[in-house]
Amino acid sequence: IHYDGVAEVLTAAMLKPYSTDPSNRGGILFDHHRLARFIEELDAEHLNLHLHVVGDRATREALDAVSEARQLLGRPPAIEITLCHLQIVDPGDISRFQELGVHANFTPHWFGGTEFGRAGAITLGPERTQRDELAGTFWRAGANVTFSSDVTSSDEIPRTNPFVGLEMGMTRRDFAGGVDPDLRPLPQERLTLPQALAAYTSNGAHQLGISNETGSLEVGKKADLVIVSHDPFKVPTRRVHAAVVDATVLDGKLTAGAFP
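An account of the accompanying structure is given in this report. Keep in mind that this is a model prediction, so the values were computed, not measured.

1. What to know about the overall build of the protein chain
Thought 1: Broken down by element type, the protein chain carries nine helices and seven strands.
Thought 2: The C-alpha radius of gyration of the protein chain comes to 19 Å, within 12% of the 18 Å expected for a compact globule of 260 residues.
Thought 3: Structurally, the protein chain occupies a C-alpha span of about 60 × 50 × 35 Å along its principal axes.
Thought 4: When contacts within the protein chain are restricted to residue pairs at least 6 apart in sequence, those whose partners lie at least 24 apart make up 68%.
Thought 5: Accessible surface, the protein chain as shown: approximately 12400 Å² in total, 55% of it carbon and sulfur.
Thought 6: The averaged location of the 34 negative side-chain charges in the protein chain is 5 Å from the averaged location of its 24 positive side-chain charges.

Have a look at this one:
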């Protein structure tokens, strides 16, 4: 569900008005009461829920909906619920992800601020801009942090590369270079390489509800893996994005490339 919009055009749902339009706080598709009832219906159909939330008000409404759905059901929902993007989240709501079992999904190729960063920095103002996509804080608060990609145009496709996301998750700087002077890299929000890898693999499988069959290399799970040109643990951090996949194995079968 595209629950709210984006900060660049003042449609992300914010708790406080936009800096460039004091009469505007953006909007959500529908309130948390309706969303709670929908979660109840999804639970009955065993369908997971993935919500686009950019603004802090959208995040709070979504978390309130999950809390209300727990009351309606008399138990935690038996489905996986994910909030994605999480550009601006009120600090008081971050701990609720772990408490409610909600997954926190980020788009790491945005972390450098050079993609969409300038417009959002202007509309949100400096205070909110400096708490943009706080993946490290979420991790420390016990949330299941996952990484994925979100692109809307062909020129962004190279940024979907997970090795780009791994690097930017560790550096908070754009892999292609360039720094927005209005944005800080927020070093406290950097993840380690093991954390970033987990965000793409085991944590992602947990988000999808399939961690019993994939997400890590273990006896009894699917043999889904890639063989890459260099060990990301042995190259400079700013070269992780340049990894080349030499071979792809799905369910134990070579589907692309060749073994060394």
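There's more to say after this.
2. Some points on the packing of aromatic side chains
Thought 1: Going through the model one piece at a time under the given rule, you end up with six aromatic pairs.
Thought 2: Geometrically, the ring pair formed by Phe 106 and Phe 138 is edge-to-face, given 5.4 Å between the ring centres and 75 degrees between the ring planes. Of this pair, Phe 106 sits in strand E3 (residues 103–106) while Phe 138 sits in helix H6 (residues 135–140), placing them 32 residues apart in sequence.
Thought 3: Exposure remark for Phe 106: the relative accessible area of 0% places this residue in the buried category.
Thought 4: Of the residues examined, Phe 138 reaches a relative accessible area of 1% and is grouped as buried.
Thought 5: Measuring from ring centre to ring centre gives 5.6 Å for Phe 147 and Tyr 200, while their planes differ by 80 degrees; the resulting arrangement is edge-to-face. Of this pair, Phe 147 sits in strand E4 (residues 145–147) while Tyr 200 sits in helix H8 (residues 193–200), and the two are 53 residues apart along the sequence.
Thought 6: One aromatic cluster is present, built from ring pairs that chain together Phe 97, Phe 106, Phe 111, Phe 138, Phe 147 and Tyr 200.
Thought 7: The cationic tip of Arg 172 hangs over the ring face of Phe 111; the distance from NZ or CZ to the ring centre is 4.2 Å.

3. As for the environment of Val 89
Thought 1: Inspection of the secondary structure puts Val 89 in the loop between strand E2 (81–85) and helix H3 (91–100).
Thought 2: Taking relative accessible area as the criterion, Val 89 reaches 3% and is therefore assigned buried.
Thought 3: C-alpha separation for the pair Val 89 and Glu 133, spaced 44 residues apart in sequence, amounts to 7.9 Å.
Thought 4: Aside from chain neighbours lying at most four places away, what touches Val 89 is Asp 56, Thr 59, Ile 94, Arg 131 and Phe 138.

4. Some details on H3
Thought 1: Burial in H3 covers these residues: Asp 93, Ile 94, Arg 96, Phe 97 and Leu 100. Angular distribution of buried residues about the axis of H3 spans 155 degrees; they occupy a single face of the element. Of the residues in H3, the exposed ones pointing more than 90 degrees away from the buried face are Pro 91 and Glu 99.
Thought 2: Buried positions along H3 lie against helix H2 (56–73), E2, E3 and H6.
Thought 3: Measuring from the side-chain oxygen of the N-cap residue of H3 to the backbone nitrogen of Gly 92 gives 3.0 Å; that N-cap residue is Asp 90.
Thought 4: Note on H3: the residue one or two positions beyond its end, Gly 101, has a positive phi of about 70 degrees.

5. Re the environment of Leu 100
Thought 1: On the secondary structure map, Leu 100 appears in helix H3.
Thought 2: By relative accessible area, Leu 100 is classed as buried at 14%.
Thought 3: Contact partners of Leu 100, with chain neighbours within four places excluded, come to Leu 63, Val 66, Ser 67 and Arg 70.

6. Quick word on the side chain of Asn 24
Thought 1: With respect to the helices, strands and loops of the structure, Asn 24 is situated in the segment before helix H1 (32–45).
Thought 2: Within the structure, Asn 24 has its side chain in polar contact with the backbone oxygen of Leu 10 (distance 3.2 Å).
Thought 3: At 2.7 Å, the side chain of Asn 24 forms a polar contact with the backbone nitrogen of Gly 26.
Thought 4: Discounting chain neighbours no more than four positions away, the residues touching Asn 24 are Leu 10, Pro 17 and Tyr 18.

About the cut-offs
- Along every chain, residues carry numbers that run from 1 in the direction the sequence is written.
- Given that the model is predicted, a residue must reach a pLDDT of at least 70 before its local features are reported, and side-chain atom pairs must reach 80 or more before they are shown or counted; all residues, however, enter totals for whole chains, interfaces and linings.
- To obtain the side-chain values, all non-hydrogen atoms of the structure were included, while hydrogens and water were left out.
- In this description a helix means any DSSP run of H or I spanning at least four residues, a strand means any run of E spanning at least two, and both kinds are numbered starting from the N terminus.
- Atoms counted for the radius of gyration: C-alpha only. Globule rule: 2.2 Å times the number of residues to the power 0.38.
- The contact criterion used is simple: two residues touch if any of their non-hydrogen atoms lie within 4.5 Å.
- Using a 1.4 Å probe, accessible areas were evaluated by the Shrake-Rupley method; residue-level cover was limited to the displayed protein chains.
- The positive count covers Lys and Arg only, the negative count covers Asp and Glu only, and His and the chain ends enter neither.
- For charged residues, the charge sits on one atom: NZ in Lys, CZ in Arg, CG in Asp, CD in Glu.
- For this analysis, a ring pair means two rings from Phe, Tyr or Trp (six-membered ring only for Trp) whose centres lie within 6.5 Å, classed as stacked if their planes differ by under 30 degrees, edge-to-face if by over 60, and tilted for the remaining angles.
- Accessibility here uses a 1.4 Å probe with only protein chains present; expressed as a share of the type maximum, an area under 20% marks a residue as buried, one over 50% as exposed, and anything in between as partly exposed.
- Whether a charge lies above a ring is judged from NZ of Lys or CZ of Arg, which has to be within 6 Å of the ring centre and within 35 degrees of the ring normal.
- An arc is given here, and it is the one of the directions from the helix axis to the C-beta atoms.
- In protein, a polar contact means a hydrogen-donor-capable atom and an acceptor-capable atom, both N or O and within 3.5 Å, with residues adjacent in sequence counting only if both atoms are side-chain atoms; elsewhere, any N or O pair within 3.5 Å suffices.

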